[in-house]
Every structure is written in structure tokens, then in C-alpha cells.
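# Breakdown of the fold
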Amino acid sequence: MLKWEYALLVRRRQAATNDLGWEVVFVWYGPDGSMVDVTPYGDTALAHLNRAGDQGWELVAMSEDPSLPGNNELHRYHLKRPKAAAAPRQRIRGAGRAGRRTISG
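Residue numbers restart at each chain and count upward from 1, following the sequence in its written direction. Local features are withheld for residues below a pLDDT of 70 in this predicted model, meaning they are given only at 70 or higher, and side-chain atom pairs are given and counted only at 80 or more; totals for whole chains, interfaces and linings count all residues. Calculated side-chain values reflect all of the structure's heavy atoms, with hydrogen atoms and water omitted.

## Thoughts on the packing of aromatic side chains
Pairs were defined over the aromatic rings of Phe, Tyr and Trp, the Trp ring being its six-membered one, requiring ring centres within 6.5 Å. Orientation was assigned from the angle between planes: stacked under 30 degrees, edge-to-face over 60, tilted for the rest. Under the definition given, this model contains one aromatic pair. Judged by centre distance (5.5 Å) and plane angle (75 degrees), the ring pair of Trp28 and Trp57 falls under edge-to-face. Note that Trp28 is positioned in strand E2 (residues 22–29) and Trp57 in the loop between helix H1 (45–54) and strand E4 (58–64), a separation of 29 residues in sequence. When a residue's accessible area, from a 1.4 Å probe over protein chains only, is under 20% of the maximum for its type it is buried; when over 50% it is exposed; and in between it is partly exposed. On the basis of relative accessibility, which here comes to 7%, the residue Trp57 falls in the buried class. Comment: elements are numbered from the N terminus, with helices defined as DSSP H or I runs of at least four residues and strands as E runs of at least two.

## Side note on the pattern of salt bridges
One speaks of a salt bridge when a side-chain nitrogen belonging to Lys or Arg is within 4 Å of a carboxyl oxygen belonging to Asp or Glu. All told, the structure shown has one salt bridge when counted by the stated rule. The residue Glu5 makes a salt bridge to Arg81 at a minimum N-O spacing of 2.6 Å. Separated by 76 residues along the polypeptide, Glu5 in strand E1 (residues 4–15) and Arg81 in strand E5 (residues 72–82) bring together distant segments of the chain. The exposure class of Glu5 is buried, given its relative accessible area of 16%.

## Regarding the environment of Val38
Tracing the sequence through the fold places Val38 in the loop between strand E3 (35–37) and H1. Owing to a relative accessible area of 5%, Val38 belongs among the buried residues under this scheme. Measuring from C-alpha to C-alpha, the distance between Val38 and His48 comes to 8.2 Å, with ten residues separating the pair along the chain.

## Regarding empty space enclosed by the protein
Residues are said to line a cavity or pocket when one of their atoms sits within 4 Å of a point; the points come from a 1 Å grid over protein atoms alone, cavities being sets where a 1.4 Å probe fits but cannot get out and pockets being open sets with protein on both sides within 12 Å along at least five of seven lines. Grid points are joined across faces, edges and corners, and a volume is the space filled by probe spheres set on the points. This model, assessed by the stated rule, comprises one cavity of 30 Å³ or more. By volume, the largest cavity is sized at about 40 Å³. Ranked by residue count, the leading element in the lining of the largest cavity is H1, at three residues. Of the residues that constitute the lining of the largest cavity, the class distribution is four nonpolar, two polar and one charged. Any residue that is not Ala, Val, Leu, Ile, Met, Phe, Trp, Tyr, Cys, Pro, Asp, Glu, Lys or Arg is counted as polar, Gly included; the first ten are nonpolar and the last four charged.

## As for H1
Inspection of H1 places Ala45, His48, Leu49 and Ala52 among the buried residues, and these make up the whole buried set. One face of H1 carries all of its buried residues, which in axial projection span an arc of 100 degrees. Exposed and oriented more than 90 degrees from the buried face of H1 are Leu46 and Asp54. At the exit of H1 stands Gly56, carrying a positive phi of roughly 95 degrees. When we speak of the arc, we mean the arc of directions from the helix axis to the C-beta atoms.

Set out below in C-alpha cells:
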């Protein structure tokens, strides 16, 4: 059965640290619960989405909310990709059988 993992790319407008107004930042929320500022990887949402696509992610939804006060979270890009198949479990054979060999001459 195919299983999916999900991630979220958030484009947020926030007050600039250098007092020049506003800046746009991008944050990646990974399927493992990680939160990474990916702003240095590109200055447009398209650049980030293309990068995610190269890693097997597919855009499944986008939401927008420009009316939030304070730190305005403008866009959320919801992505998914098939989960990597888990490696099949190997049977561990008892050491009694595999470890005991006799040589007859």
C-alpha cells in the first residue's frame, strides 16, 4: 500500500531586522517535524517549489491569508511525496544451525 509523507512551505512577510520595512522569508516544515529557514535558497516561491519538486515533492494545495496582524503569514504551500518503502526485515537465523558445521573426511 502506498503511503505518503507531507511537508509545508510557508512564505511569510515580517518586519525586517535592519529597520527598512518588511522582508519575505521562507520556512520549510518537514515530515519529521523539523522547521528550517530556507530563505537563502531562493527569493521566490517558484524557486522553492521547483527545488522541492526536484526532491520528489508534489504541490497539492495552496492557501493564502494576507489579513493576519503582526507577522503576516501570506502563503502556505502543502506538499506530499510517496514515502520511501521500508527495507524488508531480514530473518535472523538461530546461531545453533548456521554456526555448526562438520567436516567429514
